[in-house]
Amino acid sequence: MIGVGMNLEQFANFIHDYAQRLEALKDTLNELDNRIGDGDHGTNMARGFHTAQQQLQAKSPEDLGAACNVVAMALLGSVGGASGPLYGTIFMKLGGALKNLAQADIEQLIEGLQAAKTGIIERGKAQFGDKTMLDVWEPTLEYVTAHSCDEELLQAVMVARIAALETRDRVAKKGRAAYLGPRSAGTCDPGSVSSGLFFEVLISAWRGGVETIPWETLVL
Amino acid sequence: MGNASFVIVSHSKKLADGLIQLASQMAGPSVHMVPAAGLGDELGTSATDIVSAMETCPEDGAILLFFDLGSAYMNCQMALELSPPAIRDRSWIVDSPLVEGVIASSVVASMGLSQEEVIAAAEEAYHIRKVAE
Amino acid sequence: MVTHAKSPDLTKTWAFLTKRQVFDLIRKNLVVNLEQGLHARPASVFVRAANAFQSEIRIGKGDKLTNAKSILGVLSLAIAKGQEMILEIDGPDEEEAASSLEQIILSKEV
């Protein structure tokens, strides 16, 4: 597994790039959330990861576990909606798995992401198919666990993207969108879109070679 | 144990402040009530703000967390996980209508009743019609 | 064979009435004198006072009757100044409870 680990610098790049991409996709995420939620997913996520990136820079933690915790605390203090505790949980669980590591190999990363997924399930009490971010996390994690070699990681990006787009036709069972019942079908779940982007940027920071896609035209 | 303390977790600072003003008038000064509400000038809740609010509560009493909507509940759960055991072990998230639950249970707390009775009063609020039939 | 129609079971009725202490229950009709009515703070003062007694205490307006020890119950009656209300007290300390609660209802403010 040469070259597919992640060190502190790559992690910092990941947070930096994700914050930038969220800022660029902010209006699109807000628009999706406007249709089936309360309209602030883009603003909340962009603000949260901007704060996370700043605090990461200011505190310059010495290992991946500590870096994840800095991000988690920043998100918990600044996101506001349900994404705060959910994305906060992701980084807290990831931090637990990467504790004291200056560099993580692919097994450790996948283990951390698995723990993060379990954390999301416990926090949000959602199941696959409920039109939540879990609709992206579940198939993507299943894929990377079974195909963890370098080239196949690129495919995982596609799995995550397709999973995000597939939420369009589903009826929401959790969160504010669930109040809409059948009317929630026809709009992609904003949390799934931000999670699809999460895996795109994560895997890009992890091994490079990921091309960006025009999310705004695909999801709206 | 001393009187229970109340942490009001709301997306809106104004909502939490208003509720505390109303409930304090009825429960009197012996019940500590503190907001963990809003996100700066915007709507939202934050687990770290809830932790800070819990830390202001007297050390000898239970801490009850009341919340307004779904995602505030998730932040309450996070806040419990982030708190040290000395605080977490005497904290409870209460499932009740926000306004009625806080009023009913703060009045019960002001009578010095047990924390089980304080929580029960809040949960009972789901079953009491606002207009008598 | 002819059986007699069963006579009503008076012992049961009697036991029920005794248990509910219907016979020595205190019932008072009072006119609320509180400036603010039995709302917000006065209601909480009233409920706190009621909770200090062991007796079962009910408060009512019109044909509505509710537990006087529950703040939400008392608030639901929305009793204003000048309105007539009923107090039903039932238990070992009913005399003390009646006089204490009556005093609150008849005060101008608490």
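These notes cover the structure that comes with them. (Residues numbered from 1 in each chain as written. Chains lettered and ligands numbered in written order. Predicted model: local features only at pLDDT ≥ 70, side-chain atom pairs only at ≥ 80, totals over all residues. Heavy atoms only, no water.)

Some details on the overall build of chain A
Okay, so step 1: Regarding its fold elements, chain A presents nine helices and two strands.
Okay, so step 2: Start at the N end of chain A and walk to the C end: the helices and strands fall as β-α-α-α-α-β-α-α-α-α-α.
Okay, so step 3: Taking 220 residues into account, the globule formula puts the C-alpha radius of gyration at 17 Å, and chain A, at 16 Å, falls close to it.
Okay, so step 4: In chain A, buried positions account for 54% of the 220 residues.
Okay, so step 5: Considering only contacts within chain A whose residues lie at least 6 apart along the sequence, 70% involve residues at least 24 apart.
Okay, so step 6: A distance of 9 Å separates the average location of the 19 positive side-chain charges in chain A from that of its 27 negative side-chain charges. (Helix = DSSP H or I, 4+ residues; strand = E, 2+ residues; numbered from the N terminus. Rg over C-alpha atoms; globule rule 2.2 N^0.38 Å. Buried < 20%, exposed > 50% of the residue type's maximum accessible area, 1.4 Å probe, protein only. Contact = heavy atoms within 4.5 Å. Lys, Arg positive; Asp, Glu negative; His and termini not counted. Charge placed at Lys NZ, Arg CZ, Asp CG, Glu CD.)

Quick look at the pattern of salt bridges
Residues and elements named next belong to chain B.
Okay, so step 1: Under the definition given, this model contains 18 salt bridges over all chains.
Okay, so step 2: Between Asp-17 and Lys-13 there is a salt bridge, with the nearest N and O atoms lying 2.9 Å from each other. Separated by four residues within a single helix, Asp-17 and Lys-13 lie in helix α1 (residues 13-27), roughly one turn from each other.
Okay, so step 3: For Asp-17, a relative accessible area of 32% puts it in the partly exposed group.
Okay, so step 4: Exposure remark for Lys-13: the relative accessible area of 41% places this residue in the partly exposed category.
Okay, so step 5: Glu-100 serves as the salt-bridge partner of Lys-130, at 2.6 Å between the closest nitrogen and oxygen. Placement of Lys-130 in the segment after α6 (115-124) and of Glu-100 in helix α5 (residues 98-110) is noted, with a sequence separation of 30 residues between them.
Okay, so step 6: You can call Lys-130 exposed: its relative accessible area is 63%. (Salt bridge = Lys/Arg side-chain N within 4 Å of Asp/Glu carboxyl O.)

Description of the interface of chain B and chain A
Accessible area lost on assembly of the parts is the figure often given for the size of an interface.
Okay, so step 1: Opposite the 15 residues of chain B that make contact, chain A presents 15 residues.
Okay, so step 2: Regarding the contact of chain B and chain A, the summed buried area is about 1,300 Å², with carbon and sulfur atoms giving 59% of it.
Okay, so step 3: Sorting the residues of chain B by area buried against chain A places Leu-39, Met-74 and Met-78 of chain B first, and these three jointly supply 38% of that buried surface.
Okay, so step 4: Between the two partners, chain B and chain A, sit two salt bridges.
Okay, so step 5: Where chain B packs against chain A, one counts five residue pairs in polar contact (both at pLDDT 80 or more). (Buried area = accessible area lost by both parts, 1.4 Å probe. Polar contact = N/O pair within 3.5 Å; in protein donor to acceptor, adjacent residues only side chain to side chain.)

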